[in-house]
Amino acid sequence: SKTAYVRTKPHLNIGTMGHVDHGKTTLTAAITKVLAERGGAAFVPFDRIDRAPEEVARGITIDIAHVEYETDTRHYAHVDMPGHADYVKNMVTGAAQLDGAILVVSALDGIMPQTAEHVLLARQVGVDHIVVALNKADAGDEELTDLVELEVRELLTAHGYGGDTAPVVRVSGLKALAGDPRWTASVEALLDAVDTYVPTPERYPDAPFLLPVENVLTITGRGTVVTGAVERGTVRVGDRVEVLGAGAGTVVTGLETFGKPMTEAQAGDSVALLLRGVPRDAVRRGHVVAAPGSVVPRRSFEARVHVLAAREGGRATPVATGYRPQFHIRTADVVGNVDLGEKGVARPGETVTMTVELGREVPLEPGLGFAVREGGRTVGAGTVTEVH
Ligand code: GDP
Ligand code: MG
């Protein structure tokens, strides 16, 4: 039988961000390797993290790779997002609600467009703490690396992060992965910086339970399982819950995290919930599992939306009232009709107020973040200000 998950340390969600090819996935693999030597992780090789083709073949949309590890003081779930588009979408929809981030910057290349964009997005979605990994330090010239460090600190300060005080650690994911002691020590130093610089977040375990459904699976003989990250509250085996969108009340008959059974999951945990008597096709990605009666789904809301500039990957042309993009709200993807009021138009790069009428009801509340997408790319990032 499986070993149960025992909560002995605070759990945090972190992730790697930064420009493509700066070494995010290599560093993620190196972290699991270094911690595996101390018994704090199962080593996850590079090609298991960058695993998109296999998953796509099986028809499961996995656009975030999760790995799990423990330091002396904490348990971490770490996300490494394979592509830039996934990064933008997952950050703004809260699919990856990060308590802190590791900004990976190649010491050979310095700040590149996606480095800056990810810092901007992290600020917008409320990631309060960034630790910098100056990667490829094995191959970099020392003076050049000093310059890159200065440049990164300035970038952080420009976006409201403490550029003077943020830890900037020179690492080599590649050499650490190869077992070179100088560089495995650099990864240890990076983890120490994460442990001490990123504070343990306030979790509100007493709030009504809510989990946005990311995936639905069937376990033969046991029933329907939904997976996702608990957004707020606590859920225990035996609790009654409702599946919003499916209109069904049910009971949680099993709980797991990273394949380990648990009796209680709380905000911040990535979990699988086994639901009694729910047919597999009654629940989908985008639905929400919540404490009965705790949320009312709605269709209409007001929001502040930043329309991404073309240089941020957004549109080249303005949008006008009557625009009908997709709204990615939590894990849901819903069409919505935009009303820009008296202003009537919004140009790329502007932040505007809009009223949105969604194609179907979803649980909404002020403060909720969402992404606006069109033709598979992100064109805006917003926050709900008022629900009608
Ligand atoms: P990602 O796109 O940010 O996930 O980057 P990858 O982890 O896929 O790495 C991109 C390339 O950089 C690969 O060829 C890696 O082998 C190389 N690389 C990654 N980390 C290091 C490092 O620490 N030193 C050196 N010299 N190369 C590295
Ligand atoms: Mg990668």
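That block above? That's the structure.
Everything numeric here is computed off the predicted structure, so don't read it as measured data. (Residues numbered from 1 in each chain as written. Chains lettered and ligands numbered in written order. Predicted model: local features only at pLDDT ≥ 70, side-chain atom pairs only at ≥ 80, totals over all residues. Heavy atoms only, no water.)

**What to know about the site of ligand 1**
Link 1 in the chain: Around ligand 1, a shell composed of 16 residues is seen, among which Asp21, Lys24, Thr25, Thr26 and Asp138 lie nearest.
Link 2 in the chain: Contact between ligand 1 and glycine 23: an oxygen atom at 3.0 Å from a main-chain N or O atom of the residue.
Link 3 in the chain: Contact between ligand 1 and lysine 24: an oxygen atom at 2.8 Å from a side-chain N or O atom of the residue.
Link 4 in the chain: Protein chains shield 77% of the accessible area of ligand 1, which is 580 Å² for the free molecule.
Link 5 in the chain: Looking at the shell around ligand 1 element by element, the count peaks at 3 residues for helix 1 (residues 24–37).
Link 6 in the chain: Split into classes, the residues belonging to the shell around ligand 1 amount to 4 nonpolar, 8 polar and 4 charged. (Near = heavy atom within 4 Å. Polar contact = N/O pair within 3.5 Å; in protein donor to acceptor, adjacent residues only side chain to side chain. Areas by Shrake-Rupley, 256 points an atom, 1.4 Å probe, with all protein chains shown as cover. Helix = DSSP H or I, 4+ residues; strand = E, 2+ residues; numbered from the N terminus. Nonpolar A, V, L, I, M, F, W, Y, C, P; charged D, E, K, R; others polar.)

**A closer look at the nonpolar core**
Where a protein is soluble and globular, its nonpolar side chains tend to be buried together.
Link 1 in the chain: Core analysis: the largest hydrophobic core is formed by 29 residues, its most contacted members being Leu27, Ile31, Tyr69, Ile102, Val187, Leu190 and Val194.
Link 2 in the chain: Listing elements by their share of this core, those giving two or more residues are strand 1 (11–17), helix 1, strand 2 (65–70), strand 4 (100–106), strand 5 (130–135) and helix 8 (181–197).
Link 3 in the chain: Sequence-distant contacts of valine 187, defined by excluding residues within four places in its chain, comprise Leu27, Ala30, Ile31, Val34, Val171 and Ala176. (Core = buried A, V, L, I, M, F, W, Y, C linked by side-chain atoms within 4.5 Å. Buried < 20%, exposed > 50% of the residue type's maximum accessible area, 1.4 Å probe, protein only. Contact = heavy atoms within 4.5 Å.)

**What about the sheet that holds strand 2?**
Strand pairing in a sheet takes place through backbone hydrogen bonds and is either antiparallel or parallel in direction.
Link 1 in the chain: An order of 2-3-1-4-5-6 is seen for the 6 strands of this open sheet, with the pairing classed as mixed. The strands lining the two open edges of the sheet, one partner per strand, are strand 2 and strand 6 (168–170). Averaged over all neighbouring strand pairs, the angle between strand axes comes to 25°, with direction disregarded.
Link 2 in the chain: For strand 1 and strand 3 (residues 75–80), the ladder comprises 6 bridges, and the chain directions are parallel. Considered in strand 3, the bridge of histidine 11 is made with histidine 75. (Pairing = 2+ DSSP bridges. Axes fitted to C-alpha atoms, helices over the stretch in contact; angles between N-to-C directions.)

**A word on the sheet that holds strand 17 (residues 297–307)**
Link 1 in the chain: Ordered in space as 17-22-20-19-23-24, the 6 strands form a closed barrel in which the pairing is antiparallel. Strand-to-strand twist of the sheet, defined as the mean angle between neighbouring strand axes without regard to direction, takes the value 45°.
Link 2 in the chain: Relative to strand 24 (residues 377–387), strand 17 runs antiparallel, the two being bridged by 7 bridges. Bridging from a neighbouring strand, alanine 303 pairs with valine 384 of strand 24.

**What about the environment of histidine 388?**
Link 1 in the chain: Residue placement: histidine 388 occurs in the segment after strand 24.
Link 2 in the chain: On the basis of relative accessible area, histidine 388 is assigned to the partly exposed category, the value being 41%.
Link 3 in the chain: Residues histidine 388 and asparagine 215, spaced 173 residues apart in sequence, show a C-alpha to C-alpha distance of 29 Å.
Link 4 in the chain: With residues up to four places along the chain from it excluded, the contact list for histidine 388 reads Arg298, Ser300, Phe301, Glu302 and Thr355.
Link 5 in the chain: Of the polar contacts made by the side chain of histidine 388, one reaches the side chain of glutamate 302; its length is 3.5 Å.

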